[in-house]
Amino acid sequence: MKVKSRKLLIVLSSLCAEGTPILTLDMCRWWMKEGIEPFILTLNDNPRDLEREFKCEQIPIVKSINLSGRGYNRYVDMIFEVYKISKEIRPDALLSMPLGWHTFMAYGARLAGVSTVCAHVGNYPPYWTGNAFDKFRLQIQLGRPFTHKLICCSHYVRQGVVQYFKLNKSETVTIYNACNVETFAQLNSPLSEPSSTKIIKIGMVARLEVHKDQPTLIRTAKLLKQKDINCQIQLI
């Protein structure tokens, strides 16, 4: 019996060559192997650094809404555009990588009959921004009846989302950012033959902020050395 294809509509701010779009590209590759058909919707026309990579993987970029310069009309435009696209491709679920904006996407998607709407939370909520954060929190609250889960990239981020957005813990879940381990499995891993003489260099490119959690990497280095694996941590 032929299994019905599952479709996922993913919303990105843009196709800029940065963390979230690259993570999305990697996840799309994995989803396609699992029989899930991803579609990409962007909120801005530019930048389009990763457009070629998505097209090479035959991942459809269905539309760019291009919200710049539309004022408050952009909220209505977003609802209408997501509604139209959802009616056209009929996804089983919508995943919004931008947080806050997902509320209006959720309205459009649910009106079109999309059964599941989730939003990704990759950064700690900017509760220190005063009125700007109050507006952001209002958007989150307005989206609660139509959003199934806020997917947080760490327990630290999840804790902040619950605390500062005044949500129930059941409305959130922690899913760590993915890493394609098959890529590393194909290499001759230096870890396969531990040696006290060979130095393994591990680099981390990130800001020195609490939510980047460099201490966990440092503790990992200690565990490796206890296994006679000589490693060097480079914080960049």
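Residues numbered from 1 in each chain as written. Predicted model: local features only at pLDDT ≥ 70, side-chain atom pairs only at ≥ 80, totals over all residues. Heavy atoms only, no water.

## A closer look at the pattern of salt bridges
In step 1: Counted by the stated rule, this structure contains eight salt bridges.
In step 2: Between R29 and E57 there is a salt bridge whose closest N-O contact spans 3.0 Å. In this pair, R29 sits in helix α1 (residues 19-33) while E57 sits in the loop between α2 (51-56) and β3 (61-64), placing the two residues 28 residues apart along the sequence.
In step 3: In this structure, the salt-bridge partner of D134 is R137, at a minimum N-O distance of 3.3 Å. In this pair, D134 and R137 both sit in helix α5 (residues 131-143), three residues apart, roughly one turn of the helix.
In step 4: Residue class for D134 comes out partly exposed when judged on its relative accessible area of 39%.
In step 5: For R137, a relative accessible area of 24% translates into the label partly exposed.
In step 6: Taken together, the shared-partner salt bridges in this structure form one network comprising D26, R29 and E57. (Salt bridge = Lys/Arg side-chain N within 4 Å of Asp/Glu carboxyl O. Helix = DSSP H or I, 4+ residues; strand = E, 2+ residues; numbered from the N terminus. Buried < 20%, exposed > 50% of the residue type's maximum accessible area, 1.4 Å probe, protein only.)

## A few points about helix α4 (residues 102-111)
In step 1: With respect to burial, α4 is a largely interior element, seven of its ten residues being buried.
In step 2: Taken together, the buried positions of α4 are H102, T103, F104, M105, A106, G108 and A109.
In step 3: In the segment just after α4, G113 is the residue with positive phi, at about 95°.

## Digging into the side chain of T147
In step 1: Here T147 lies in the loop between α5 and β6 (149-152).
In step 2: Engagement of the side chain of T147 in a polar contact is seen with the backbone oxygen of G143, the distance being 2.8 Å.
In step 3: With near-sequence residues (within four places) excluded, T147 lies in contact with H102, A106, V117, C118 and A119. (Polar contact = N/O pair within 3.5 Å; in protein donor to acceptor, adjacent residues only side chain to side chain. Contact = heavy atoms within 4.5 Å.)

## Some details on the environment of I140
In step 1: Looking at where I140 falls in the secondary structure, it is placed in helix α5.
In step 2: By relative accessible area, I140 is classed as buried at 2%.
In step 3: Taking the C-alpha atoms as reference, I140 lies 7.2 Å from F165; in sequence the two are 25 residues apart.
In step 4: The residues contacting I140, other than those within four sequence positions of it, are L99, G100, H102, T103, L150, F165 and L167.

## A look at the side chain of S14
In step 1: Note that S14 resides in the loop between β1 (6-12) and α1.
In step 2: Only 3.2 Å separates the side chain of S14 from the backbone nitrogen of C16, close enough to count as a polar contact.

## Some words on the environment of R158
In step 1: Among the secondary structure elements, R158 is positioned in helix α6 (residues 155-165).
In step 2: Between the alpha carbons of R158 and D134 there is a distance of 18 Å; along the sequence they are 24 residues apart.
In step 3: Once residues within four sequence positions are removed from consideration, R158 is found in contact with C152, K169, T172, V173 and T174.
In step 4: Reaching out from R158, the side chain makes a polar contact with the backbone oxygen of K169 at a distance of 3.1 Å.
In step 5: Within the structure, R158 has its side chain in polar contact with the side chain of T172 (distance 2.7 Å).

## Re empty space enclosed by the protein
In step 1: Tallying each qualifying case throughout the model produces two cavities of 30 Å³ or more.
In step 2: Taken as a whole, the largest cavity spans an internal volume of roughly 70 Å³.
In step 3: In this structure, the largest cavity is lined by H102, I140, G143, R144, T147, K149, L150, L167 and E171.
In step 4: A breakdown of the residues in the lining of the largest cavity according to their chemical character gives three nonpolar, three polar and three charged. (1 Å grid on protein atoms, 1.4 Å probe; cavity = no way out; pocket = protein on both sides within 12 Å on 5 of 7 lines; lining within 4 Å. Points joined across faces, edges and corners; volume = space filled by probe spheres on them. Nonpolar A, V, L, I, M, F, W, Y, C, P; charged D, E, K, R; others polar.)

## Re the pairing of strand β8 (residues 200-204)
In step 1: Examined bridge by bridge, β8 and strand β9 (residues 231-235) share five bridges and lie parallel to one another. Counterpart to G203 in the pairing with β9 is Q234.
In step 2: Handedness of the crossover joining β8 and β9 through helix α8 (residues 214-226) is recorded here as right-handed. (Pairing = 2+ DSSP bridges. Right-handed = clockwise from strand over helix to strand, strands pointing away.)

## Some points on the packing of α4 against α5
To describe two helices that pack against each other, one gives the angle between their axes and the distance between the axes.
In step 1: At a closest axis distance of 8 Å, the pairing of α4 and α5 adopts a crossing angle of 20°. Put simply, α4 runs roughly parallel to α5. You can see that α4 and α5 cross each other, and the crossing is left-handed. On α5, the residues that touch H102, T103, F104 and Y107 of α4 are Q139, I140, L142 and G143.
In step 2: Considered class by class, the residues forming the contact of α4 with α5 number four nonpolar, four polar and no charged. (Axes fitted to C-alpha atoms, helices over the stretch in contact; angles between N-to-C directions. Parallel < 35°, antiparallel > 145°, perpendicular 65-115°, else oblique. Left-handed = near helix turned anticlockwise from the far one by under 90°.)

On their own, these measurements won't tell you what the molecule is for.
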